[in-house]
Amino acid sequence: YHSNHLFDFTRDKPELIMVSIGLKAAAAALLTMGAASAWQQGLVHPPASFVSKNMKQSAIATAALYQPMQSSTALSMVATDPTVSSGGRGGFTATNSESRRVVPEDVRGRPVMKIVYVVLESQYQSSMTAAVKRINAGSDNMAVECVGYLLEELRNDDAYEQFQKDVADANVFIGSLIFVQELAEKVVDVVAPVRDQLDACIVFPSMPEVMRLNKIGSFTMKNLGQSKSIVADFMKKKKQEDGSSFEQGMLKLLRTLPKVLKFLPSDKAADARTFMMSFQYWLGGSPENLESLMLMVGQDYVGPVKESMVGKEKVVTEEPVLLPDQAIWHPVAPSIVFESNAKYFEWYEKEFCPDAGIDAKTAPTIGLILQKSHINTKDDTHYVSLISELESRGSKVVSIYSGGLDFSGPVEEYFYDASGKPVVDTVINLTGFALVGGPASQDHSKAASVMKKLNRPYMCAVPLVFQSFEEWQASELGLHPIQVALQVSLPEIDGAIEPIIYAGREGATGRSVPLADRVNLLADRSLKWANLSAKPNKDKNIAITIFSFPPDKGNVGTAAYLDVFDSIKAVLGQLKAEGYDIGDAPSTKEEIMMSILDDPEAKIASPELNVEYRMSTEEYYDLTPYATDLEENWGPAPGNLNSDGQNLVIYGKKFGNVFIGVQPSFGYEGDPMRLLFAKSASPHHGFAAYYTYLEKIFEADAVLHFGTHGSLEFMPGKQVGMSGTCYPDRLINSLPSAYLYAANNPSEATIAKRRSYSATVSYLTPPAENAGLYKGLKELKELIASYQDLRANEGRGPAIVNSIVSTAWTCNLDKDIDLPALETYDAKNDTAEKRDEIVGAVYAQIMQIESRLLPCGLHTVGVPPTAEEAVATLVNIAQLDRPEDEIEGLPRVIAAAVGRDINDIYRENNEGVLASVELNEKIVQASRNAVAALVNESTDSNGRVQEVKDIFSEMSGFFGKMTGAKKPWTKAIVDAGFPEIDEERIAPVMTYLEFCLKQIVADNELGGIMELLNGQFLMPAPGGDPIRNPDVLPTGRNMHALDPAAIPTTAAVEISEGVVEKLLEKLAAENDGEFPESIAFTLWGTDNIKTYGESLAQVLALVGVRPVADSLGRVNKVELIPLEELGRPRIDVVVSCSGVFRDLFINQMNLLDRGIKMAAEADEPLEQNFVRKHALQQAEEMNVSLRDAACRVFSNSAGSYSANVGLAIENGGWEDEAQLQEQFLTRKGFAFNADKPGMMEQQADLFKSALKTVDVTFQNLDSSEISITDVSHYYDSDPTKVVQGLRNDKKKPMSLMADTTTANAQVRTLSETVRLDARTKLLNPKFYEGMLSTGFEGVREIQKRLRNTMGWSATAGEVDNFVFEDANSVFIEDAEMQQRLLEQNPNAFRDMVTTFLEANGRGYWETSEENIERLQELYAEVEDKIEGV
């Protein structure tokens, strides 16, 4: 331990360095003390008074077994009072420290020692109070005054002020687990100034700056964390060879050190020993242990007590009492714990199960993972409650705990029998922490491999830590953000599912209390998952749920980039192969589709879908316990949605034991009034009836939600930590849910996991290919090629330039580049340089179009990409530099072969320098050829890659050197015109591409679905953009987001600074060198996951604030960049966060808010600080404080999503633009305030006031797969016209988009981006023919993009007339195309015709009378066809 200078004793005692116990192990040991444990006095588990064996029902038998415990454990106690908050300025923790203050009633002449303690959780409250009372009643040497604070309480100004007063006259300060950065700083601010006057300052594992406060005699930790510290080494996320054995060793050291130190003669050793003993007592957690701690510290270190003890004999304190480090525990076992699996089962199966009426041979077994501290302190009511619920349902239970925070050891030890066969059917982790390492440092890959070996569903339930039960119940946000980060996000990375809150903390006593309805739900759901591995496949009922959005027959089976019916065909085939009963299910995609779309009972081509079941209102009310709650929004059932007037109808079709059903829609899509509501309405009766049918009539064993995405997870309720009144919880109830989700959408997949308890299975999005060129654009490229050959020819050269200019005008490129006037220009009269400039600008523009990435067609589950498709993906992966892996992008290495820097080439290419445009094109081609050569090595005769050849093997390298032969990809680059390419320098990127190719073709989508339906553990994987992060591949795994505390990363901050520089350059150039004063920004959840927080970092960069990582590598602090360093004014921002961003990154919203307020409060000149300038104006106008006026971070209310602008436009349910703008302001006007972090506050006036000053609106595009016309989200959150309406001068703000989809990041105007999107998708034959090849779904995909293009007209007015005109000529004027669309999906084609007519009617498209008449006639014709006339 010599290198770990953890404790600063003296240099002349090297033997004492052995005291430097690893901080990680200490934190681990301490954190096992658990969430909300409290000592319950007199709670002794009596031996079970077993009941007679003839009881049949395990429920009755189990209740009798637990009866003797009822009075002492308060087993049935559940808090139900709604909270009355004590006004912590909107914080989550509204408890009062006065409930933890103990003052001696009778001092009896004894010296009084005052102790102040601060803890993360409330588990010490009862124990400290009891210990102090025991000393005050029984000690002759001292009396104790004591007061405790929960860390979160220090956000409250009154509590913080009282804390300062208490510390000022304290003798001893104790702190533990102070791991929240901004609160750690508050503790240091108060304690550091008085540290020297304190008799002792004892801090157990916390942030390093708090640990440095430690002082017991001569023992300190003042150098902790100063150098490359043990904190960084132990607690940062590092791959450890074997973290668990290391941690166990440290725990042993912690136990034995005090005994060793006892024999060392030095006073300093005695002080160090006191610290170690204190820690052990603290870990013990009981009143006896804490009494010993206080007596020991008081008599040895507290002045008045020491003085009064002169001549008296010191009290000899008891040794700490500790349980074994790992064991099996059961509440009614005769011995406290079992250290072997065999002994436990001998007692459990032979004695307990027969008496409990449990059939030990056939019963399912649930494995529980517990926190040891709750057993130490007997605060186990919540555990007892769940165990008894499971046993009353006839299930067996094995409950294990660990002394450290690595639970993998006990899992391996106790969840298998002697032959190595798993003994559990489902595992529930009740600690809420990651399986290995808890909140300090996790080893996710170890955790996932341990769970995969066990191969059972793994649930991670959450006990409330920072909130009392009442506070959680009253909170719209639900679970506290710090707990979401530690106890929801981190376990998800291990592969855990279902973060159900099952226990609360009683406000007054801090005791753990089971939440009865949640415990019941947890028991039901765990047994349903267990049932999936026990029940024979032939008997299982599976409900496949598909979506229809917007609700219309032409949209049945919507899912992002998924060929839904073809994929269902593949899933049915797999189900059949594995023995599931699929009855007479059709074998073709078309027949499956028609069986669901058409009702054979109805007239031909009815608008009605196939009805599988009609549910009477009587049955509905009988089976749906919350049905009457829906009447407030929808009136009595059946209503008019999914109803025939008498009954509620369930659409879909049953084949054997498989039901394919259509999930109903939200129901308010076409209702302008409902769209305006600030908070979303409850589900309608038809929606509730659908899930009632699945669970109680069809009796589904599992639901498979098919594709991205439905409405279930977006129904109203808490953000995270559902209660029994949240609609996603009510609807899914006890049904296990598997959810097929696009791999590039981890944010919404995470919402599905947390709010609808779904295990996700990722699917691949179609490979992105270059958009290519067509018609006039293709002709332009050919003309440019001719010009390159003939530019020196004075006769032909200028003539070609004239043709280029004329064709560019025809293609509407004049909107994007500065073209000379068509009527007057003649290239003959121009200089050669000027001609090159014009051609270079046109060339750069068409290359931008040609090289834009375009997902082609739709994906079918279980079909890996072809070799050609793999090349397209790999080319995109190859272009990025990956400095963290020391990999240079292929274009960079190729550019270096001709002595150029790729960044310079990109810059000149964007400026239209002809030579650089040509060179860039040549490099792109060389990269593509090199990647094709790599893939070609592994391609089979069918053009697919089944198995990747190891082309970097030692053998091939050896032969290569022998023969001097170049690798095929090197040869491809040489042949493309780069003879100087350095083969060694491209080796790292090519090796990486080979690895990526293996990932691309390793498909497990069908396998992943089946693993869940068969009750197995599905391996976790990150979601995101496979091009930026190939770890997203292979698909078919349980997708998770990232650790929210990890963003923005250093790399993201660097990239964002570059984008902000480009943005401000562009704006200053267009505004006479003036910077904008305020920019409106949109933040998205998925984008920030994919880019590790780039857009978040852009906001901070504009304000001139820098994110700072703490000593554990977590980003939870910001600092102002001085104006001198910034070199420009601070730009004001108005940040609109998507509902998904709010759910996933509320801690980052806190960071933003703190940073912006820091800028507003900086005393700087107003012309250099626009944040302060505007906040001061608003404070005066609105009569509020500067801090409140500086709120700039807005979103929806908790549990609501989107501005509903997209819904209105997609469904035509809007009167005018004013309605859309009002929706945006009403629904997005909820402010986040770091001073009141427990709520989203309606602040529409402040939102309007902030938007009024906006000069520019800004969004980010970060992925080639989802662009601005692919989804409605981007325009749904676009405030361009909203700002125009609010500004005093009614001037429309400039709208910009940053495009970081390629290594050549650019900032474009919104209208440029819309044109680029239209040219590469809607108007591009490669795109629309690719879509039409998939049939029914393809027509819908084309129509969706047309409708979304019109959305931009409505919210920003940035769509050129030619886009609609050209689309009309492609899809409507062409009679053959018209016919194809009509036949493949008449409903979607009718929507397309409607969209054109609506665009014209609303003034977004000017066209000829002839075009409008044709569209009106077509509409009537399509209507007749649909009606069957």
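Values in this document were obtained by computation on a predicted structure and should not be read as measured data.

Novice: It is not clear to me how the overall build of the protein chain should be interpreted in this structure. Could you clarify?
Specialist: Looking only at helices and strands, one finds 59 helices and 36 strands in the protein chain. The buried share of the protein chain, reckoned over its 1429 residues, is 64%. Restricting to contacts in the protein chain with at least 6 residues of sequence separation, those with at least 24 account for 77%. Surface summary for the protein chain: the accessible area is close to 49500 Å², and the carbon and sulfur share equals 50%.

Novice: So what exactly am I meant to see when it comes to the sheet that holds strand β14 (residues 501-505) here?
Specialist: The pairing of strands in a sheet happens through backbone hydrogen bonds and is either parallel or antiparallel. An order of β13-β14-β15 is seen for the three strands of this open sheet, with the pairing classed as mixed. A strand with exactly one partner marks an edge of an open sheet, and here the two such strands are β13 (462-463) and β15 (512-514). Relative to β15, β14 runs antiparallel, the two being bridged by three bridges. Pairing of G504 across the sheet is with V513, part of β15. Along the sheet, helix α15 (residues 381-392) contacts β14 and β15; its crossing angle with β15, the most-contacted strand, is approximately 20 degrees. Along the sheet, helix α20 (residues 516-534) contacts β14 and β15; its crossing angle with β14, the most-contacted strand, is approximately 155 degrees.

Novice: Help me understand the confidence of the model for the protein chain, please; the structure alone is not making it clear to me.
Specialist: Predicted coordinates in areas of low pLDDT are best not read in detail. The predicted model of the protein chain has a mean per-residue pLDDT of 84, with 87% of residues at 70 or higher. Model confidence for the protein chain, summarised as mean pLDDT per element, is weakest for helix α8 (residues 230-235) at 38 and strongest for strand β11 (residues 426-429) at 98. The low-confidence segment residues 1-56 (pLDDT under 50) makes 185 contacts with residues lying over four places distant or belonging to another chain. Every residue in residues 600-606 scores below 50 in pLDDT, and together they form seven contacts with partners more than four places removed in sequence or on other chains.

Novice: Honestly, a negative patch on the surface in this entry has me stumped. Any pointers?
Specialist: A cluster of acidic residues, E1409, E1413, E1417, E1421, D1424 and E1427, forms a negative patch at the surface. Among the structural elements, E1409 can be located in helix α59 (residues 1409-1427). The exposure class of E1409 is exposed, given its relative accessible area of 58%.

Novice: What is the right way to read helix α40 (residues 1050-1069) from this model?
Specialist: Working note: α-helix, 3.6 residues per turn, so residues spaced by three or four point in the same direction. The end-to-end C-alpha distance of α40 is 29 Å, a good match for the 28 Å that 20 residues give at a rise of 1.5 Å each. Here α40 has its buried residues at A1052, V1053, S1056, V1059, V1060, L1063, L1064, L1067 and A1068. Burial along α40 is one-sided: seen end-on, the buried residues are contained in an arc of 160 degrees. Across from the buried face of α40, at angles greater than 90 degrees, the exposed residues are E1054, E1061, E1065 and A1069. Buried positions along α40 lie against β27 (1078-1083), α42 (1094-1103), β28 (1105-1109), β34 (1256-1261), β35 (1294-1299) and β36 (1306-1309).

Novice: Any chance you could explain the packing of aromatic side chains here in plain terms?
Specialist: Given two aromatic rings, their pairing is described by the distance between the two centres and the angle made by the two planes. One pass over the full model with this rule turns up 39 aromatic pairs. Between the aromatic rings of Y690 and Y691, the centroid separation amounts to 5.2 Å while the plane-to-plane angle is 80 degrees, which identifies the pairing as edge-to-face. An identical accessibility class is assigned to Y690 and Y691; each is buried. Linked through ring pairs, Y613, F659, F687, Y690, Y691, Y693 and F698 together constitute an aromatic cluster. Over the ring of F978 we find K922; its NZ or CZ atom is 5.1 Å from the centre of that ring.

Novice: In this structure, what is going on with helix α28 (residues 746-755)? I would like to understand it.
Specialist: Most of α28 sits inside the fold, with 10 of its 10 residues counted as buried. One or two positions beyond α28, positive phi appears at Y757, with a value near 55 degrees.

Novice: Can you walk me through the packing of helix α17 (residues 444-454) against helix α19 (residues 481-494) in this structure?
Specialist: Packed helices, taken two at a time, are described by the angle between their axes plus the distance between the axes. Between α17 and α19, the shortest axis-to-axis distance is 7 Å and the interhelical angle comes to 60 degrees. Considering their axes alone, α17 and α19 lie oblique with respect to each other. Residues H444, A447 and A448 of α17 form the contact with α19, whose own contacting residues are L490, I493 and D494. Partitioned by chemical class, the residues of the contact of α17 with α19 number four nonpolar, one polar and one charged.

Novice: For this particular structure, what's the right way to read the sheet that holds strand β3 (residues 172-176)?
Specialist: Spatially, the six strands line up as an open sheet ordered β2-β1-β3-β4-β5-β6, and their pairing is mixed. Edge positions in the sheet fall to β2 (143-150) and β6 (219-220), since each of these pairs with one other strand and no more. When strand β4 (residues 200-203) meets strand β5 (residues 215-216), the two strands line up antiparallel, connected through two bridges. Within β5, the position partnered with C201 by the bridge is K215. With respect to the sheet, helix α4 (residues 125-138) is in contact with β1 (112-119) and β2, its orientation differing from that of β2 by roughly 170 degrees.

Novice: Could you clarify how one ought to interpret the pairing of β35 in this entry?
Specialist: For a regular strand, side chains alternate in direction, first toward one face of the sheet and then toward the other. Extensive coverage of β35 is indicated by the burial of five of its six residues. As paired strands, β34 and β35 are joined by six bridges and run parallel to one another. In the strand pairing of β35, T1257 is matched with S1295. The pairing of β35 with β36 spans four bridges and is classified as antiparallel. Looking at the pairing, M1297 lines up with R1308 of β36. Following β35, the chain reverses through six residues before pairing antiparallel with β36.

Thresholds, definitions, all that
Residues numbered from 1 in each chain as written. Predicted model: local features only at pLDDT ≥ 70, side-chain atom pairs only at ≥ 80, totals over all residues. Heavy atoms only, no water. Helix = DSSP H or I, 4+ residues; strand = E, 2+ residues; numbered from the N terminus. Buried < 20%, exposed > 50% of the residue type's maximum accessible area, 1.4 Å probe, protein only. Contact = heavy atoms within 4.5 Å. Areas by Shrake-Rupley, 256 points an atom, 1.4 Å probe, with all protein chains shown as cover. Pairing = 2+ DSSP bridges. Axes fitted to C-alpha atoms, helices over the stretch in contact; angles between N-to-C directions. pLDDT = per-residue confidence, 0-100. Patch = residues over 30% accessible without salt bridge, like charges linked within 9 Å, V, L, I, M, F, W, Y side chains within 5 Å. Salt bridge = Lys/Arg side-chain N within 4 Å of Asp/Glu carboxyl O. Lys, Arg positive; Asp, Glu negative; His and termini not counted. Charge placed at Lys NZ, Arg CZ, Asp CG, Glu CD. Expected span 1.5 Å × (residues − 1). Arc of directions from axis to C-beta. Phe/Tyr/Trp six-rings, centres within 6.5 Å; stacked < 30°, edge-to-face > 60°. Lys NZ or Arg CZ within 6 Å of the ring centre and 35° of its normal. Parallel < 35°, antiparallel > 145°, perpendicular 65-115°, else oblique. Nonpolar A, V, L, I, M, F, W, Y, C, P; charged D, E, K, R; others polar.

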